[in-house]
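Each chain, letter by letter, is given below.
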Amino acid sequence: MIINTDKEISFEDFTSFIESFYLQSLTELKEMDEIDMEERCCDNEREGLEINTLENVMGNVNMIIEDIDVKRVDKLFN
């Protein structure tokens, strides 16, 4: 998906994107976990996968924000 970074995005579009990204990430982690199931022992598999997925998504968002060129931020304050 290509996103025009010069165009404002609505909260609804942002929400839809985050929901899709989270569910995609959760699906991928669940599939990887099913492959490694014998090596793992966990009473609450769902909770663990949801926590790991949330941490992964938030980590990705944090890295993206940290990588924003400071000049783009400076333009907002000038």
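Reading the values: the criteria
- Residues numbered from 1 in each chain as written.
- Predicted model: local features only at pLDDT ≥ 70, side-chain atom pairs only at ≥ 80, totals over all residues.
- Heavy atoms only, no water.
- Patch = residues over 30% accessible without salt bridge, like charges linked within 9 Å, V, L, I, M, F, W, Y side chains within 5 Å.
- Areas by Shrake-Rupley, 256 points an atom, 1.4 Å probe, with all protein chains shown as cover.
- Salt bridge = Lys/Arg side-chain N within 4 Å of Asp/Glu carboxyl O.
- Helix = DSSP H or I, 4+ residues; strand = E, 2+ residues; numbered from the N terminus.
- Buried < 20%, exposed > 50% of the residue type's maximum accessible area, 1.4 Å probe, protein only.
- Expected span 1.5 Å × (residues − 1).
- Arc of directions from axis to C-beta.
- Axes fitted to C-alpha atoms, helices over the stretch in contact; angles between N-to-C directions.
- Parallel < 35°, antiparallel > 145°, perpendicular 65-115°, else oblique.
- Left-handed = near helix turned anticlockwise from the far one by under 90°.
- Contact = heavy atoms within 4.5 Å.
- Nonpolar A, V, L, I, M, F, W, Y, C, P; charged D, E, K, R; others polar.

Draft legend 1. Inspection of a nonpolar patch on the surface at higher detail. Residues Ile65, Ile68, Val73, Leu76 and Phe77 make up a contiguous nonpolar surface patch of about 540 Å² in total accessible area. Ranked by residue count, the leading element in the nonpolar patch is helix 3 (residues 70-77), at three residues. Residue placement: Ile65 occurs in helix 2 (residues 45-66). A relative accessible area of 51% places Ile65 in the exposed class.

Draft legend 2. Spotlight on helix 2. Over its 22 residues, helix 2 runs 31 Å from end to end, which matches the ideal 32 Å to within 8%, given 1.5 Å per residue. Within helix 2, burial applies to Leu49, Thr53 and Val57. Relative to the axis of helix 2, the buried residues are bounded by an arc of 60 degrees and lie together on one face. Along helix 2, exposed side chains directed more than 90 degrees from the buried face belong to Glu55, Ile65 and Glu66.

Draft legend 3. Quick peek at the packing of helix 1 (residues 11-35) against helix 2. Remark: helix 1 packs on helix 2, axes separated minimally by 9 Å, with the N-to-C direction vectors making an angle of 130 degrees. Here helix 1 lies oblique to helix 2, going by the angle between them. When the axes of helix 1 and helix 2 are compared, the crossing they make is right-handed. Every residue of helix 2 that contacts helix 1 at Phe21, Tyr22, Ser25, Leu26, Leu29, Lys30 and Asp33 is listed here: Glu45, Leu49, Glu50, Asn52, Thr53, Leu54, Asn56, Val57 and Asn60. Class assignment for the residues of the contact of helix 1 with helix 2 results in seven nonpolar, five polar and four charged.

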